[in-house]
Structure formats: structure tokens, C-alpha cells
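One-letter residues, chain by chain:
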Amino acid sequence: MADNDSEKPAQPQPAPAKEPEAQAPAAAEKPKPAEKNSFDKAFSEDSTHSPGQKTDNEHQRQEAGRAWHRYVGNDYVGRDKNVTVITGRHDTRIRLYELSDDEREVSVLAFVGSPGATRLSQAVQEFPITVVTGPLGSGRTAAAVHALNRSEPEQIHKLDPATRLGDLSVGDLPETCAALILSEEPGESPAAPMRAFDLDALAVQLRDRKIRLVITVSNLSRLPQSGPLVGHVDFGPGPQRMEVLTAVLKHRLGAVGRDRLPGLLAHPDLAGIVADHLGPQTRLATASEIADQLARCSPEAPSLRALLEPSLKGRGESDVADWFAELPDLRTRCLAIALAVLQGQPHEVIADAATRLLGELDPFRSDRDRRERPADPFGTSRRREMQQLGAVIEPALFWTRYGKVDIEVIRYAQADFGPRLFLHVWTEYRESRIALVHWLDHLGARAAAGIRSRAATAVGALTVQAFDHMYGLLLLNWAKSQHERLRDAAATALTFAARDAQMRPALRLMTEEWERADDPNLRCTAARIYALGAVRDEAPALIERDELLPAALLRLARDESYAVRREVADGLATLVVHDPQLYFGEVVNQMYQWANLRKDDMAWTGRFFFLLIAWDLVSDGDGRWPTLLQLTIADSTRRHQIVWLWWHTLNSDLSTRARSVLTYWARLCDADPQARREMQRMLQQVAFDPRTRQILRATARSWNGTDGTAPHLGAWVEKEIAA
């Protein structure tokens, strides 16, 4: 896998004096002969797409998953997931609902505290049973989840609100149950049928099993008097509704979409929506629901009210079935399904996908169309289609290989209607399933990341319902494909399906089996799954790891296949895109450590990974900067390591490719004065020895040449970097 440059590899140079632990570039142990030209070929192919496009690709995948997050890991998919039924006293059946990963994550990362929440956290540490009083909708249940989540790492269950504590048998609770929450229904006290003696006895049983129970009621006088094992907390009014909305919105946007937060909060429609739907008596859960819907909107949307109002009013499942059945023809139904899967894409994309689905469902239609042309090709307008489907048009930014452009996209006005409609069609219309699978297979192979990610997310939701079916028809073929797009689709689908707690053990074993497979394509898919599984908002328990960077992903960095190593590098770049503050330092340090290994081809891997990640990542804020350069401004340690990695690669067997990537960085930075200064500062530190100065001067001659790649930096190198 060595770089097939015409020049001989450079002789090792002494390490920088200020970096005593750094080793000079050793003669790289070349990979197997069959892979000798892989780097040239692969880097050439990588260079055909717009550098830095990965940032937008990952944003598209996150956006696709956000619309479906409620439908996996909760109770929306068409079977009872995370629900346990036990037989209590008097042969009563008691339902336990395990908290989803999403609920637990929100309770930690988007929780807004209050004095009552602090008192509740203290009480659950002290008492087996804690009774919380306060007004309905004040956030008592959310605070209970937060308090228990901090103290109990095992499963937390919600009891059915109709449960009578007198019927609860502690001995029949699941072994993994660590905490219970029982929230009252209006007008009914769950503990009213109990005597004080029975409540104290239940507290003793829970204490012996090390299980915590939190009960929320409106009025403490409706409970029996109890002993020292039952604590009481007066919760109070709870946090402000707008604080909750802001915290949840920030969490839903994630690191990639956080730049949209100020624009959404400042949108002129938001104040009216808050006034109408978040009054003093409104449940705090409504603020969270508005934040969920708001996270799918663009700050440039002309009317947030038009986008959010239908979602807040809601639409029942029977309404979905009736609405779909009443659509006028097969063509319109195909358009409705295509919009359900691809919402957030341009109308042209969705219309083309609908035509493709129509062909899958009615393969003879194309012949009929040639014979029976419609009388009026202008009979149906986009506006009329949008009215039929209850869809809205909104502005968005779209990535092309030449940068971002303004476009219009469409989506259902009710944000969660698309997933509900698609799952309804899959569940109720058996004869359409094979056609839907073939259609999703086609979408999963598309070059556009937005299309591929949305199709793969829909496949992930179906995988929860019918794993064997989807595995045999689609997922395995995607996973062992030689095409990177299909492998990416498989990893996206499976990590999304892994949000379901019951699916996760099987998916973990499957991924470990693929990691050890003889087929390098399966190992590539395993690497992609490990990378996505390490991202905090992507199935956080899919992989077991003690370190920030998953050990399973780093193991595959030693794989003999170029494609697998390339996938690991791509995975490390994915982590930096999702959360630069968390992963940047770890990823740079890992490449630095690999590159310092003398007697191991991991030194070559360290250089190789550095060049690929330097090429892939571009920050798209006020200006387009190389991400690795921008992040070093506030991190002197990583700056020193990146300086050394540049020196190391420029003097290695990958020198020609290093100069190509350096030229790309110069082109990005040349027009931005601040970026240019940072680039000059870095080049000054890299050029500490004569050979490296000679390489930089030779590279920079093309910057201010006839092509004018980076004239300012080219002139600066010519003047400041002495030969």
C-alpha cells in the first residue's frame, strides 16, 4: 500500500529538538505487494469528490435519524418493545415499560435543574420509596428519571399508571430492574388502596432488592402515613418552560447542527408559538415536544408556525390509515411513501423516487404509459400535490461538490407523520413489501448522502420489526458489497436499529462476527458500525469500550486490507465531525502515536490516516478552513503533534501525496487572512530543517504559478522559508 511515487523515499531526518519523544520517520514496512498501488488509486478516487464533503454527509445522516428517533427505542414500532408483563398479587397483570436510551440520554444531557429536582436526587439516595408531590406538568417525572439515571446504571422501568401498589410483587420484578417510577393519573392516587403497614412492607422488600421506587402525586394527604423508609419531597414549580425547550433543542441539534440554534431561537414565529402552547399551566413535556419538532426546521423557514402547528395538534393512527386509503390513485400513494422516507429532500428527488417505486409496484406500467399518454401533462402541479399530501415547502442549504447552494425541500407539515405512514404501509400491506425492499435497495446505492441516509434509516426501523427478513433480503448484501455506499447504508441501518434495547445483543454479536470474517467488505462494514456506535447519539451501548476511541475500531486499523484501514480512517473522521471537542484530541494523539512506531507498519498507517483525515475534514463556518488546522488554535499540544505529523509525512514515502494535501490546505486558507496567518505559523514550525524547507519551497512554487492556487501563501513561502 506504499505510495507509488517516482522518487525514492526520503532518508530519515532527526526529530525536532523540542519533541524529544518523537521518532524520525522510519523506513516504512510496505504492505503486501498486491496492495502496492492501492493508495494511489484510492487517493485519486477520494479526490474526485469535494474535499470536506464528509461534514455535510454526516449532517445528512444525523438529520435522517432525527425524524425517526421516537420510533425505535420507544413504543411506536409495531410490536411491544421494552415492555415486560409480570403477574402480581391477586393474579393481576402489571406492565413495566423500560426507559429507552433516548429518554435516559435526554435526562442527562438536556436536563434543566430546579431546587425540587435537587431535593429529589438526595431523597432517592436515602429512601427505597420516595413520594414526590407537586402540580401536574411541573417536571416531576423527568426529575425522577434524572435522579435515578445518575444513581442506577441498570434498567429503569415505568409502571403502568393504573398499577395499584398493593398488587405489586417485588419478587416477580426482572433481575435487571434497578428502579421504578409510578406517575399518577389525574384524579386517581395509585397508592390510595394501600394501608401504611403495606407501604412500609413494600419499602422493606425494595430495600432488600436494592430497587428504588419514585411515586408522583398531587396531594400528599391522599397517601397513607408511612414509616422511616419512605421519603417525601415537595417538588415545587419546576424549571421554566423556555429553559427546557432550549436545552432539549440544543441536545437534538447535536454538535453538527448547533450553529442553527441561535437562528431558531431568534425566529420571529417562535415567540407566538411559545405564547400559544407553553403557558404557565402547560406540561413541561410539551416544551420538549416542541423542541423535537423545532430541531427538524431550518432557521430560514418563512413560517415556523406552519411547520409546527400540525405536529402539535397531532393525528391518530386511525387517521393515518384512513388518509392513506383515501388517496386518489397509486401514483399519489407512491409519492406519499417517497415523501415519508425522503422528507427534507428537494421535490425533484422525491418525485423521481416515487416514479421508481411506482415501477416496482406496477412493472407493466411503463409499457402502458407509452401507449396511453396522459391527456394533459400539466394537470397536476407541485402546489396541488403538496396540498393533497399535507406537505410544506421550506428553504434549505444543499451541498454540491462546488459548495453549498440554496434550494427548496419538502416535508410533511406534521413532522412525525412520515415515519408513522411508512410503518403503517409496511405493517398493513403485505403484498407491497418485496417492492418496498427493492426500492430501498435502489435508494441505498445512491450517491447523494441525504437520499442514502434516509433510505438506510427507514431500513433500520424495519429491521427492528423483521430482522431476519431484512437481513436476508437486504442487509447482508449491503454489508458485503464492494461499494462503499452500500456498506455505509448497512452500517447506518444497523446502528439505528441498535437503539432498540432488545435488538442490541444480536447486533453486537453479528458485528463481532463480521470483524473476524474472511471477506474484507464485511470487516469494512464492521469498522463503520464501530465508528457510528461510538458516537454518543448513535446507539450508545452497541459496543463495549473503556476508552473514548473504541478498541474494536482501533484493532481493525491493523487489518491487511487497504479498504478496511481506509474505513477506520473514515470512522475516526466521523467522530471528529460529530463532536470535535470530545474526539479531536484523541484522534490526533492516536495518529501521532502510530506514526512514532519504528518497527511496525502502523507507522505507515499513522501517516496514511493523517493525510486522509486532513483531506476529508473542512469546517464550514464563516470561512472554509481545514478542520485540523482550525481546531489547533486553542490546543497547543495537538498543534505541536500536527506540525510533527506534517514534517513526518513530507519526509516519508508518502511525500508526494502529503504535498497534494498541503496544497489543498493552502488553497482553502489563502483568501482568509486569519486562516492564512495560522497556515503561515504552522509552515514556519514545520520547516525547521533544510530538507523540509526545500520540500516546502518546491511545493509552493505551484501555489503562485499560472494556476494561482494560493498566491499569497506561495509568495510568503518564497520570501520567508529560506532554502
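Per an unreviewed UniProt entry, the protein goes by the name HEAT repeat domain-containing protein and belongs to Kineosporia babensis.

Visitor: Which residues make up the overall build of the protein, and what values go with them?
Guide: Counting its regular elements, the protein contains 33 helices and 11 strands. Put simply, the protein has 723 residues, and 57% of those count as buried. Taking as baseline every contact in the protein between residues at least 6 positions apart, the subset at least 24 positions apart corresponds to 75%. When the accessible surface of the protein is summed, it comes to about 30,900 Å², and 49% of that surface belongs to carbon and sulfur atoms.

Visitor: Tell me about the side chain of Glu567, residues and numbers included.
Guide: Structurally, Glu567 is set in helix α25 (residues 562-578). Note on Glu567: relative accessible area 5%, which makes it buried. Not counting the four nearest positions on each side in its chain, Glu567 is found in contact with Glu484, Arg487, Cys524, Ala527 and Arg528.

Visitor: So what's going on with the pattern of salt bridges? Which residues, and what values?
Guide: Pairing is possible between side chains that carry opposite charge, provided their charged atoms lie close to one another. For the coordinates displayed, the defined rule picks out 17 salt bridges. The shortest N-O distance in the salt bridge between Glu678 and Arg639 comes to 2.5 Å. Of this pair, Glu678 sits in helix α31 (residues 673-686) while Arg639 sits in helix α29 (residues 636-650), and the two are 39 residues apart along the sequence. Across this residue pair, the class does not change: Glu678 and Arg639 are buried.

Visitor: Can you tell me about the environment of Pro626, naming the residues and giving the values?
Guide: Note on placement: Pro626 falls in strand β11 (residues 624-626). On the basis of relative accessible area, Pro626 is assigned to the buried category, the value being 1%. Considering only alpha carbons, one finds Pro626 and Trp665, 39 residues apart in sequence, at a separation of 6.2 Å. Among residues more than four places away in sequence, those in contact with Pro626 are Leu617, Trp665, Leu668 and Cys669.

Visitor: Run through the packing of aromatic side chains, naming residues and quoting values.
Guide: Within this structure, the stated rule accounts for 16 aromatic pairs. An angle of 80° between the planes, with centres 5.0 Å apart, marks the rings of Tyr412 and Phe417 as edge-to-face. For the pair Tyr412 and Phe417, a shared accessibility class is recorded, and that class is buried. Between the aromatic rings of Trp604 and Phe608, the centroid separation amounts to 4.7 Å while the plane-to-plane angle is 25°, which identifies the pairing as stacked. Taken together, the residues span about one helical turn, with Trp604 and Phe608 both in helix α27 (residues 602-616) at a distance of four residues. Phe608 carries the same exposure label as Trp604, and that label is buried. Through pairs of rings, three or more aromatic residues link up here, namely Tyr562, Trp594, Trp604, Phe608 and Phe609. A cation over an aromatic ring shows up here: Arg333 above the ring of Phe324, its NZ or CZ 5.9 Å from the ring centre. The ring of Trp426 carries the charged tip of Arg433 above its face, separated from the ring centre by 5.6 Å.

Visitor: Requested: an account of helix α33 (residues 711-720), with residues and values cited.
Guide: Taken together, the buried positions of α33 are occupied by Leu713, Gly714, Trp716 and Val717. All buried residues of α33 fall inside an arc of 165° around its axis, so they share one side. The elements touched by buried residues of α33 are α30 (655-669), α31 and α32 (690-700).

Visitor: Before we move on, can you summarise the nonpolar core with the specific residues and values?
Guide: Within the largest apolar cluster, 141 residues are counted, with the highest numbers of intra-cluster contacts made by Leu421, Trp439, Leu572, Trp646, Trp665, Met679 and Met682. Sorting elements by how many residues they give to this core places α27 first, with 10 residues. Excluding anything up to four places from it in sequence, Trp439 contacts Ile337, Ala338, Val341, Ala353, Arg356, Leu357 and Glu360. In terms of nonpolar packing, the next biggest core, distinct from the first, is built from 28 residues, Leu245, Ile273, Ala287 and Leu307 among them.

Visitor: Would you mind going over the packing of helix α26 (residues 580-595) against α29 in detail, with residue names and values included?
Guide: Interhelical geometry of α26 versus α29 gives an angle of 40° and a closest axis separation of 10 Å. When the interaxial angle is binned, α26 and α29 end up oblique. The way α26 lies across α29 gives a crossing that is left-handed. Note on element contacts: α29 touches α26 through Arg638, Gln641, Ile642, Trp644, Leu645 and His648, opposite Phe584, Gly585, Val588, Asn589, Met591, Tyr592 and Ala595. Partitioned by chemical class, the residues of the contact of α26 with α29 number eight nonpolar, four polar and one charged.

Visitor: Requested: an account of α31, with residues and values cited.
Guide: Over its 14 residues, α31 runs 20 Å from end to end, which matches the ideal 20 Å to within 8%, given 1.5 Å per residue. Buried residues along α31 sit in contact with β11, α28 (627-631), α29, α30, α32 and α33. Its side-chain oxygen at 3.0 Å from the backbone nitrogen of Gln674, Asp672 defines the N-terminal cap of α31.

Visitor: Please give an account of the pairing of strand β6 (residues 212-217) that cites residues and values.
Guide: Most of β6 sits out of view: six of its six residues are buried. Residues Arg212, Val214 and Thr216 point to one face of β6 and Leu213, Ile215 and Val217 to the other, with burial holding for every one of them. Sheet analysis places strand β3 (residues 129-133) next to β6, joined by five bridges and oriented parallel. Bridge pairing links Val131 to Ile215 in β6.

Visitor: Explain the confidence of the model for the protein to me, and be specific about the residues and the numbers.
Guide: Scored by pLDDT, the protein has a mean of 79; 77% of the residues are at 70 or more. Low pLDDT, under 50, characterises residues 70-81; the stretch is placed with 43 contacts to residues that sit more than four places away or in other chains. The low-confidence segment residues 536-540, where pLDDT is below 50, has 20 contacts with residues more than four positions distant or belonging to other chains.

Visitor: Please provide a residue-by-residue account of the environment of Val244, values included.
Guide: Note on placement: Val244 falls in helix α7 (residues 241-257). Note: C-alpha distance between Val244 and Val112 (132 residues apart in sequence) is 6.1 Å.

Visitor: Any chance you could break down the environment of Val661 for me, citing the residues and the numbers?
Guide: Relative to the assigned elements, Val661 resides in helix α30. Judged by its relative accessible area of 0%, Val661 falls in the buried class. Separated by 46 residues in the primary sequence, Val661 and Trp615 place their C-alpha atoms 6.1 Å from one another.

Visitor: Explain the packing of helix α14 (residues 347-361) against helix α18 (residues 433-444) residue by residue, including any values.
Guide: At a closest axis distance of 9 Å, the pairing of α14 and α18 adopts a crossing angle of 140°. Crossing angle aside, the handedness with which α14 passes α18 is right-handed. Listed contacts from α18 to Ala353, Arg356, Leu357, Glu360 and Leu361 of α14 are Ala435, Leu436, His438, Trp439, His442 and Leu443.

Visitor: So what about unusual backbone geometry? Which residues, and what values?
Guide: In the Ramachandran plot, Lys210 falls in the positive-phi region, its phi being about 60° despite a non-glycine side chain. With respect to the helices and strands, the residue Lys210 is situated in the loop between α6 (196-209) and β6. Classification of Lys210 as exposed rests on a relative accessible area of 65%.

Criteria and thresholds
Residue numbering note: each chain is counted from 1, following its sequence as written. For a predicted model such as this one, the threshold for reporting local features is a pLDDT of at least 70, and the threshold for listing and counting side-chain atom pairs is 80 or more; totals across whole chains, interfaces and linings nevertheless cover every residue. Each side-chain value is worked out from all heavy atoms of the structure, with water and hydrogens disregarded. Helix numbers and strand numbers start at the N terminus; a helix is a DSSP run of H or I with at least 4 residues, a strand a run of E with at least 2. Using a 1.4 Å probe on the protein chains alone, a residue whose accessible area is under 20% of its type maximum counts as buried, one over 50% counts as exposed, and one in between counts as partly exposed. Residue contacts are defined here by distance: any two heavy atoms, one from each residue, within 4.5 Å place the two residues in contact. Computed with a 1.4 Å probe, the accessible areas rest on the Shrake-Rupley method; for each residue, only the protein chains presented here act as cover. What makes a salt bridge here is a side-chain nitrogen of Lys or Arg within 4 Å of a carboxyl oxygen of Asp or Glu, nothing more. Each Phe, Tyr or Trp ring (for Trp, its six-membered ring) is paired with any other whose centre lies within 6.5 Å, and the angle between the two planes then decides the class: stacked below 30 degrees, edge-to-face above 60, tilted in between. For a ring to carry a charge above it, either NZ of a lysine or CZ of an arginine must fall within 6 Å of the ring centroid while also lying within 35 degrees of the normal to the ring plane. By arc we mean the arc of the directions from the helix axis to the C-beta atoms, nothing more. We call a set of buried residues a nonpolar core when its members are Ala, Val, Leu, Ile, Met, Phe, Trp, Tyr or Cys and they connect through side-chain atoms within 4.5 Å of each other. Angular values range over 0 to 180 degrees, each being the angle between N-to-C directions of two axes fitted as lines to C-alpha atoms, with helices fitted over their stretch in contact. By definition in this entry, angles of less than 35 degrees are roughly parallel, angles greater than 145 are roughly antiparallel, angles of 65 to 115 are roughly perpendicular, and the rest are oblique. Crossing handedness: left-handed means the near helix sits turned counterclockwise from the far one by under a right angle, and right-handed means the same turn made clockwise. In this count, Pro and Cys sit with the nonpolar residues alongside Ala, Val, Leu, Ile, Met, Phe, Trp and Tyr, while Asp, Glu, Lys and Arg are called charged and the others, Gly among them, polar. Take the number of residues in a helix, subtract one, and multiply by 1.5 Å to get its expected span. Think of a polar contact as two N or O atoms within 3.5 Å of one another; within protein, one of them needs to be a possible hydrogen donor and the other a possible acceptor, and neighboring residues in sequence only count if both atoms come from side chains. Following DSSP output, two strands are said to pair if at least two bridges run between them. Residue-level confidence of the predictor is what pLDDT reports, using numbers from 0 through 100.

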